[in-house]
Amino acid sequence: MLSVIQNLSKKTQTIKAELQEDIQAVFDRDPAARNTLEVLLTYPGVHALLIHRVAHSMWQHNNKGLARFVSFGNRFLTGIEIHPAAKIGRRFFIDHGMGVVIGETAEIGDDVTLYHGVTLGGVSLNEGKRHPTLEDGVVVGAGAKVLGGFTVGKYAKIGSNAVVVKEVPAGATMVGGAARLIHDKAKAEQMGLDSLANNGVTPADDYIEKTVIEKTTDAEQMKAVEQTSINTSNTSATNEDDCNKIKLEQAGVFHQYGIDPNTPDPVAMTFIKMLEHIRQSEARLDELQSAMCKLDPNFCKKQYNKLDVRDLDAVDPQFFMEDEL
């Protein structure tokens, strides 16, 4: 009887300690949190985690049917679906929470943060490991999908609505669908940059100050690098490293709900590059035409059909009717 009371006392202390850590994690990562009572009563992420621990304990004691029923109730109450077999570490925080899905074989380390709409899912019907493993300190932005039985390395960051289907290196930043790497921790460390390894808490003050200063002067830095490249051909490799360093510094700060709003639109940048290539090609063709005209004056007299705006389906036909009137 005494041993039962001692075990119960130890479990109670463990539950209390875990709950205190969960509440402190909310205060550390959500500036909207005001007091402990508010967190306990109004944060579905905290409720979902507490109920999951009950369901997970039932699953481990082979009460799987009851565990699934508790998990179903958890989803009904919080809008968060966590399979009772999923393994979750300490200080786990789900912000907002609605629409989060965590699969059966998912494993989550300590100090991990998920935002609403995140899916830790699988892409296989096999019974083995088919859901991702998130190591310590990982942050997954709103609406992101992490699909497959691979590992997301420590302190990695996954941007809003990213679709990740392959392993993520430690300290990396992934954005887009399918997600692409925009920040490599190893390369950043080689260049002497802060890789923002501590995702769970506010970055150090000196890092924030450094980032603000560099963002306000990045245009001047880029101009200086380009000028150096023009004037000194022997330092081209160094200039390239400087450009890469600036880009990595800009990528080092993670925005939970997406990428930096100052980041250029990748589609627009692609069109700009294509247009620049077309302009260069046309200039080259003009040079070839001039050379041909010198060799054969009749060549320049040939007529070619020109593009007419009427041939473009995107132009409203009423535009031409109004113009003719």
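Small disclaimer: the values here were computed from a predicted structure and weren't measured.

(A) Structural context of the overall build of the protein chain. Helix and strand counts for the protein chain come out as nine helices and 15 strands. By residue count, 33% of the 325 residues in the protein chain fall in the buried class. Expressed as a percentage of contacts within the protein chain between residues at least 6 apart in sequence, the contacts between residues at least 24 apart total 38%. Total accessible area on the protein chain is roughly 20500 Å²; 56% of this is exposed by carbon and sulfur atoms.

(B) The layout of surface pockets, seen in detail. Estimated volume of the second largest pocket: approximately 510 Å³. Taken together, 19 residues form the lining of the second largest pocket, with Glu18, Arg53, Val54, His56 and Ser57 sitting closest to its centre. Elements with a contribution of two residues or more to the lining of the second largest pocket: helix H1 (2–29), helix H3 (44–60) and strand E2 (87–88). A per-element tally of the lining of the second largest pocket places H3 first, with eight residues. Tallied by class, residues from the lining of the second largest pocket come to seven nonpolar, seven polar and five charged.

(C) Fine view of the environment of glutamate 38. Along the polypeptide, glutamate 38 turns up in helix H2 (residues 36–42). Given a relative accessible area of 19%, glutamate 38 falls into the buried group. Once you skip the residues sitting within four places of it in the chain, glutamate 38 turns out to touch Ala32, Ala33 and Tyr43.

(D) Representation of the sheet that holds strand E13 (residues 163–164) within the structure. Pairing is parallel in the open sheet, where five strands are placed in the order E1-E4-E7-E10-E13. Only two strands of the sheet have a single neighbouring strand rather than two, namely strand E1 (81–82) and E13. Two elements, E1 and strand E4 (residues 101–102), share two bridges in a ladder whose sense is parallel. Among the inter-strand pairings, isoleucine 82 is bridged to a residue of E4, identified as isoleucine 102.

(E) Focus on the nonpolar core. If you look at the biggest cluster of nonpolar residues, it comprises 29 residues, and the most contacted ones within it are Ile102, Leu114, Val140, Val152 and Ile158. Ala33, Val39, Tyr43 and Val46 belong to the second-largest nonpolar core, a separate cluster that totals seven residues.

(F) Focus on the sheet that holds strand E5 (residues 107–108). If you walk across this open sheet you meet the four strands as E2-E5-E8-E11, and the pairing is parallel. The two strands at the open ends of the sheet, each matched to only one other strand, are E2 and strand E11 (151–152). When E5 meets strand E8 (residues 133–134), the two strands line up parallel, connected through two bridges. Bridge pairing links glutamate 107 to threonine 133 in E8.

(G) Layout of the pattern of salt bridges. The final tally for this structure, using the stated rule, is twelve salt bridges. Glutamate 276 is paired through a salt bridge with arginine 279; the nearest N and O atoms lie 2.7 Å apart. Taken together, the residues glutamate 276 and arginine 279, both in helix H8 (residues 266–295) and three residues apart, mark about one turn of the helix. Salt bridges here are not isolated pairs; linked through shared partners, they connect Glu21, Arg29, Arg90, Arg91 and Asp111.

(H) Looking closely at the confidence of the model for the protein chain. On average, residues of the protein chain score 78 in pLDDT, and 65% of them reach the 70 mark or higher. The low-confidence segment residues 210–216 (pLDDT under 50) makes nine contacts with residues lying over four places distant or belonging to another chain.

(I) Examining the packing of H3 against helix H4 (residues 64–78) more closely. Remark: H3 packs on H4, axes separated minimally by 8 Å, with the N-to-C direction vectors making an angle of 175°. Between H3 and H4, the interaxial angle falls into the category roughly antiparallel. Contacts between H3 and H4 involve Pro44, His47, Ala48, Ile51, His52, Ala55, Met58 and Trp59 from the former and Lys64, Leu66, Ala67, Arg68, Val70, Ser71, Asn74, Leu77 and Thr78 from the latter. Its residues assigned to classes, the contact of H3 with H4 comprises ten nonpolar, five polar and two charged.

(J) Quick look at H3. For H3, spanning 17 residues, the distance from its first C-alpha to its last is 24 Å, which sits close to the expected 24 Å at 1.5 Å a residue. Burial in H3 covers these residues: Gly45, Val46, Ala48, Leu49, His52, Ala55, His56 and Trp59. Positive phi shows up at asparagine 62, right after H3, with a value of about 70°.

(K) Geometry of H4. In this model H4 runs 21 Å from its N-terminal to its C-terminal C-alpha over 15 residues, within 8% of the 21 Å that 1.5 Å per residue would give. Along H4, the positions that sit buried rather than exposed are Ala67, Val70, Ser71, Asn74 and Thr78. Seen along its axis, H4 keeps its buried residues to an arc of 100°; they face one direction. Turned more than 90 degrees off the buried face of H4, the exposed positions are Gly65, Phe69 and Phe76.

(L) Representation of unusual backbone geometry. Positioned with a positive phi, tyrosine 155 is a non-glycine residue whose angle comes to about 60°. Inspection of the secondary structure puts tyrosine 155 in the loop between E11 and strand E12 (157–158). Judged by relative accessible area, which is 29%, tyrosine 155 ranks as partly exposed. The backbone of asparagine 161 sits at a positive phi, close to 65°, despite the residue not being glycine.

Cut-off values and rules
Residue indices begin from 1 for each chain and proceed along its sequence in written order. pLDDT decides what is reported in this predicted model: residues at 70 or higher carry local features, side-chain atom pairs at 80 or more are listed and counted, and totals for whole chains, interfaces and linings draw on all residues regardless. Remark: hydrogens and water are excluded; side-chain values derive from all non-hydrogen atoms of the structure. Strands are runs of DSSP state E lasting at least two residues, helices are runs of H or I lasting at least four, and both sets are numbered from the N terminus onward. In this scheme, a residue with accessible area under 20% of its type's maximum is buried, one over 50% is exposed, and one in between is partly exposed, where area comes from a 1.4 Å probe on protein chains only. It only takes one pair of heavy atoms within 4.5 Å for two residues to be counted as in contact. Only the protein chains shown count as cover for residues, and the accessible areas themselves come from Shrake-Rupley with a 1.4 Å probe. Lining residues are defined by having an atom within 4 Å of a point belonging to a cavity or pocket. Those points lie on a 1 Å grid over the protein atoms alone, cavities being sets where a 1.4 Å probe fits but cannot get out and pockets being open sets with protein on both sides within 12 Å along at least five of seven lines. Grid points are joined across faces, edges and corners, and a volume is the space filled by probe spheres set on the points. Residue classes follow a fixed rule: Ala, Val, Leu, Ile, Met, Phe, Trp, Tyr, Cys and Pro count as nonpolar, while Asp, Glu, Lys and Arg count as charged, and any other residue, Gly among them, counts as polar. DSSP bridges decide pairing: two strands pair if at least two such bridges lie between them. Residues belong to one nonpolar core when they are buried, are Ala, Val, Leu, Ile, Met, Phe, Trp, Tyr or Cys, and are joined through side-chain atoms within 4.5 Å. Salt bridges are identified by distance alone: a Lys or Arg side-chain nitrogen within 4 Å of an Asp or Glu carboxyl oxygen. Across the chain, each position has a pLDDT score giving the predictor's confidence in that residue, from 0 to 100. Between the N-to-C directions of two axes lies an angle of 0 to 180 degrees, each axis being a line fitted to C-alpha atoms and, for a helix, fitted only over the stretch in contact. Should an angle fall under 35 degrees it is called roughly parallel, over 145 degrees roughly antiparallel, and 65 to 115 degrees roughly perpendicular, with every other angle called oblique. In this scheme, a helix's expected span is set at 1.5 Å multiplied by one less than its residue total. Arc, as used here, means the arc of the directions from the helix axis to the C-beta atoms.

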